[in-house]
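A look at the structure
One letter stands for each residue in the lines below.
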Amino acid sequence: AALSERYHAAELSEFQKKNLRTAIEGLRDPETVPLLTEYLRQNADQPLRQAAVTALAGIGTEPAIEAILQLIETTPELPYDHFLIAALGSTHNKDTLSYMQKQFNSATDRKSKYALAIALTQALSQMREAQAGALPAPHPDQDELAEEALDDSPPPRLQPADKP
């Protein structure tokens, strides 16, 4: 609460506020995960919450990813939801991607499963682009891919081609 009050204090310039957000976003010490998680539970200040989520995604440990997934499950606001999904998708840690894949496979909450499908698509696409060293390729329709991943129906059967 004190951090939010300080952030919104009239004497802070926009430059100082940006520096504070950047400092929070830059946290990469796994020992800060409990502090960031607790901050997210107790405060509603969006700019600082987004900075904390960015830090958690950058840390990328299982507890950090779990904290973001819990927020996704409990956050009703759609625009903020998209920010959380984008934060998950910014993860480039191979171990974190494996953990997210396991979470996707075992998720029963449709909202979490959707978020993980989008995040995994984004993260894998970014990793592929980085490895290729090429210009970013057009991204497939991520919403459509996520819906396909969530669809429990069997894939359509191929029809034999008509013979002439």
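From a predicted model like this one, the values you see are computed outputs, not experimental measurements.

Core analysis: the largest hydrophobic core is formed by 37 residues, its most contacted members being Leu36, Val53, Leu56, Ile68, Ile72, Leu88 and Met100. Among the elements of the structure, helix H3 (33-42), helix H4 (46-59), helix H5 (62-74), helix H6 (78-89), helix H7 (94-106) and helix H8 (110-132) are those that each provide at least two residues to this core. Filtering out sequence-adjacent residues up to four positions away, Leu36 remains in contact with Ile24, Leu27, Ala52, Ala55, Leu56 and Ile59.

Turning our eyes to something else, we now look at the environment of Gln122. Residue position: Gln122 is located in helix H8. For Gln122, a relative accessible area of 15% corresponds to the buried category. For the pair formed by Gln122 and Ala86, sequence separation is 36 residues and the distance between their alpha carbons is 7.9 Å.

Enumeration according to the criterion identifies zero aromatic pairs in this entry. The ring of Phe104 has Lys113 lying over it, and the distance from NZ or CZ to the ring centre is 4.3 Å.

Next up on the list: H5. Taking 1.5 Å as the rise per residue, H5 with 13 residues should run 18 Å; its terminal C-alpha atoms sit 18 Å apart, in good agreement. Inspection of H5 places Ala64, Ile65, Ala67, Ile68, Leu69, Leu71 and Ile72 among the buried residues, and these make up the whole buried set.

Further remarks concern the side chain of Thr32. You can see Thr32 is positioned in the loop between helix H2 (14-25) and H3. Relative accessible area serves as the criterion here: at 14%, Thr32 is assigned to the buried category. Not counting the four nearest positions on each side in its chain, Thr32 is found in contact with Leu27 and Ile59.

Our focus in this paragraph is the packing of H5 against H7. Helix packing geometry: the angle between the two helix axes and the distance between the axes. Taken N-terminus to C-terminus, the directions of H5 and H7 make an angle of 45 degrees; their axes are 10 Å apart at the nearest point. On the basis of their axis angle, the class for H5 and H7 is oblique. Handedness of the H5/H7 crossing: right-handed. Along the contact surface, H5 presents Glu62, Ile65, Glu66 and Leu69, while H7 presents Thr96, Tyr99, Met100 and Gln103. Tallied by class, the residues present in the contact of H5 with H7 amount to four nonpolar, two polar and two charged.

This part covers the environment of Arg6. Assignment of secondary structure puts Arg6 in helix H1 (residues 2-7). Its relative accessible area of 44% is what places Arg6 among the partly exposed residues. When the C-alpha atoms of Arg6 and Lys17 are compared, they prove to be 9.3 Å apart, with 11 residues separating the residues in sequence.

Our focus in this paragraph is the packing of H2 against H4. Packing of H2 against H4 brings their axes to within 7 Å, and their N-to-C directions diverge by 30 degrees. Viewed along their axes, H2 and H4 adopt a mutual orientation that is roughly parallel. Contacts between H2 and H4 involve Leu20, Arg21, Ile24 and Glu25 from the former and Pro47, Leu48, Ala51, Ala52, Thr54 and Ala55 from the latter. For the contact of H2 with H4, the class distribution of residues is seven nonpolar, one polar and two charged.

Definitions and cut-offs
Residues numbered from 1 in each chain as written. Predicted model: local features only at pLDDT ≥ 70, side-chain atom pairs only at ≥ 80, totals over all residues. Heavy atoms only, no water. Core = buried A, V, L, I, M, F, W, Y, C linked by side-chain atoms within 4.5 Å. Buried < 20%, exposed > 50% of the residue type's maximum accessible area, 1.4 Å probe, protein only. Helix = DSSP H or I, 4+ residues; strand = E, 2+ residues; numbered from the N terminus. Contact = heavy atoms within 4.5 Å. Phe/Tyr/Trp six-rings, centres within 6.5 Å; stacked < 30°, edge-to-face > 60°. Lys NZ or Arg CZ within 6 Å of the ring centre and 35° of its normal. Expected span 1.5 Å × (residues − 1). Axes fitted to C-alpha atoms, helices over the stretch in contact; angles between N-to-C directions. Parallel < 35°, antiparallel > 145°, perpendicular 65-115°, else oblique. Left-handed = near helix turned anticlockwise from the far one by under 90°. Nonpolar A, V, L, I, M, F, W, Y, C, P; charged D, E, K, R; others polar.

In short, geometric facts, not functional conclusions.
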